[in-house]
Amino acid sequence: MSHWIANSVDDLLSEFTACQGCASALPRSSTSKTLLKRCPSEKCFSYVPLSNLIRYPTKPCTYIHADTRSVLLSASLGYAKSLLLFHLFAPVRSPPINNQVSRISDFQLPSSVSTLYIDGSFLPSSSRPLPSMAYAWTAIDSDGFVLEFHYNIISSIFPSALRSEVFALLHGLDSLPWNSKITVATDCAQLLSLWSLYVDAPFIPRMLKESNYLLWSSIRTTMLQKNLDVTLIKVPANADDPLNNHVDVLAKAAHTDSHLSSCPPLKLMAPCILQFNSLPVDTNIRKFIRDIFDAKSLLTLAILPRFNSYSSTSDIDWACTKFCLNNNKQFASHRNGRSEFYGFRIKLLLDMLPTLTTLQRQKPHFYNSSWLCPQCNSSPETLDHLWTCPYILPEFSPLNTFKTLLLALRINYLDNFLSASFLIPLLDSFAAEFVALDCWNCDPSSFSCLRLARGLIPISLTGFLGNYFSPLTIWSILDTPLHDFHFDLYVQIWLCRSIFFHYWELAQGITKKMKSSTLRPSSILCPSYIIPLDSSTPSLATASLDSWVSW
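Cut-offs used in this document
Residues numbered from 1 in each chain as written. Predicted model: local features only at pLDDT ≥ 70, side-chain atom pairs only at ≥ 80, totals over all residues. Heavy atoms only, no water. Helix = DSSP H or I, 4+ residues; strand = E, 2+ residues; numbered from the N terminus. Contact = heavy atoms within 4.5 Å. Areas by Shrake-Rupley, 256 points an atom, 1.4 Å probe, with all protein chains shown as cover. Buried < 20%, exposed > 50% of the residue type's maximum accessible area, 1.4 Å probe, protein only. Expected span 1.5 Å × (residues − 1). Phe/Tyr/Trp six-rings, centres within 6.5 Å; stacked < 30°, edge-to-face > 60°. Lys NZ or Arg CZ within 6 Å of the ring centre and 35° of its normal.

(A) Summary view of the overall build of the protein chain. Looking only at helices and strands, the protein chain features 17 helices and 11 strands. Within the protein chain, residue pairs in contact and separated by at least 24 positions form 68% of the contacts whose partners lie at least 6 positions apart. Here the protein chain has roughly 29,000 Å² of accessible surface; of this, 58% comes from carbon and sulfur atoms.

Okay, structure coming up:
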């Protein structure tokens, strides 16, 4: 089937013309009564400019009536891919007159340059408010003299150490004169590996899945336009090369040089640049879109009322919370014998555990709204009360168990952080300040402590640790002990409570069949299901002796 190109960009419903490149397509306008053409393949992309709008009928053998315009036209992903690959594979076009091509660098090095030393520098956000990237290069002539050097900062889009190295290479190459033969020296082994894969070889679509693919595409374009002969060499990191040390100092100095202008806008020379909010997407497109939807889902979760009932949701480190929730690979498995525990962990986070308060709200015809916690008969059994219940026997109370487990978690965290690699040396007061954080106060329990029990990481905890450790180090250390802490809560508090609660429900005449039924008690014929009208909370004495033994 032929594809049809819109004649007008502004009005896509006005008129479509068959592609001239299709062997079987005739140049007919959609103003005719019907349009039905077939095309054996999508080999006509070399005839179509990249800017043209392309549409296909949604079904084969479709009649397009000009009077009704009732047929939907959709874009062809296969055609778009063929079109893009053609423009990337296309032979080098002759340069414009007077060598007027788009430039990234404002420098024009002399033809005597023979070697470029390049380096990049990256400072993560843990050491400053925002991550910072910088680059530098030094131009050397054949006699070993420095002709020119340059350093500057880069826009902090998709910040990484590798991106600063790639941009240093791009800026240096764009500063060279036409038809140059140059040797580029770098101490970044990964840069050499990617160079041999994406520049010293024919174009492969895999490059489009690589981070910084727009920079690599701009490097290819620069080399083709300027006819550059480039050889990359590795400078050993421990060779103490004075020229390499010099460019390294320049790249690091760019972060603090007050004479540098504000971060210049990033210029790219890729044939196709995808943008999001006017910013170029220089990473794996599929992963980028997935991250956007993950962020949107996390935001939807964060604004749920259940998370801001006590204090603001800004007190929660949502990025760390998401990492700890998703990082465990066994979390989604249902064949590891722990499927109930992972369900417990999700319900704990969302405050969906079937506590008495929740059951009173969901099934008020079975659970009297005035009933209190069956274990202590002093407070409503809410989610937070599970960990603070004093119980009728204090030495066996969930509160004492919770204190013991929280203390073990704090000791585990402190030992791990004291032995972890840090960004700056730990102060002598680190341990004391860590222990004094509000999230460890469990008698009485603070809001931060109760949120940590749910798996919501307090921002006060990660904010304090962020003074000494990188975010990834903090998240990795918090992850596994928190998982084990939740498993101990599940075994030592929740399972014990659930077993007793089951027998307590039986003592009140509440059975599993009643709870699963959608009928109200008056509609159930069995007289043993009638709930007593006494509004006082049934005590532990209403449970049989067998239940005590079983529990």
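That was the structure; now back to the text.
(B) Highlighting unusual backbone geometry. The peptide bond linking Asp-443 to Pro-444 adopts the cis configuration, its omega dihedral lying at -5°. Topologically, Pro-444 is positioned in the loop between α12 (430-435) and α13 (447-454). Its identity is not glycine, yet Asn-179 carries a phi of approximately 60°, on the positive side. With respect to the element layout, Asn-179 can be found in the loop between α2 (161-174) and β8 (181-186). Phi is positive for Asp-351, close to 55°, though the residue is something other than glycine. Mapped onto the elements, Asp-351 comes out in the loop between α8 (339-350) and α9 (356-362). Owing to a relative accessible area of 31%, Asp-351 belongs among the partly exposed residues under this scheme.

(C) Representation of helix α4 (residues 213-226) in the model. Its 14 residues place the ends of α4 20 Å apart at the C-alpha level, agreeing with the 20 Å of an ideal helix rising 1.5 Å per residue. Summarising burial for α4: 12 of the 14 residues are buried, a large majority. Check the buried side of α4 and you find it contacts α2, α3 (189-198), β9 (229-234), β11 (279-280) and α6 (285-302). One or two residues past the end of α4 sits Asn-227, with phi positive at roughly 55°.

(D) Expanded view of the packing of aromatic side chains. In this structure the tally under the stated criterion is 26 aromatic pairs. Taking 5.2 Å as the distance between ring centres and 85° as the angle between the ring planes, the aromatic pair formed by Phe-430 and Tyr-468 counts as edge-to-face. You can see Phe-430 sitting in helix α12 and its partner Tyr-468 sitting in the loop between α14 (459-465) and α15 (471-507), a full 38 residues away along the chain. Take Phe-430 and Tyr-468: they sit in the same class, and that class is buried. Through a chain of ring-to-ring contacts, the aromatic side chains of Tyr-413, Phe-417, Phe-430, Phe-434, Trp-440, Phe-464, Tyr-468 and Phe-469 assemble into a single cluster. For Arg-497, the ring lying beneath its charged end belongs to Phe-501, and the centroid distance is 4.0 Å.

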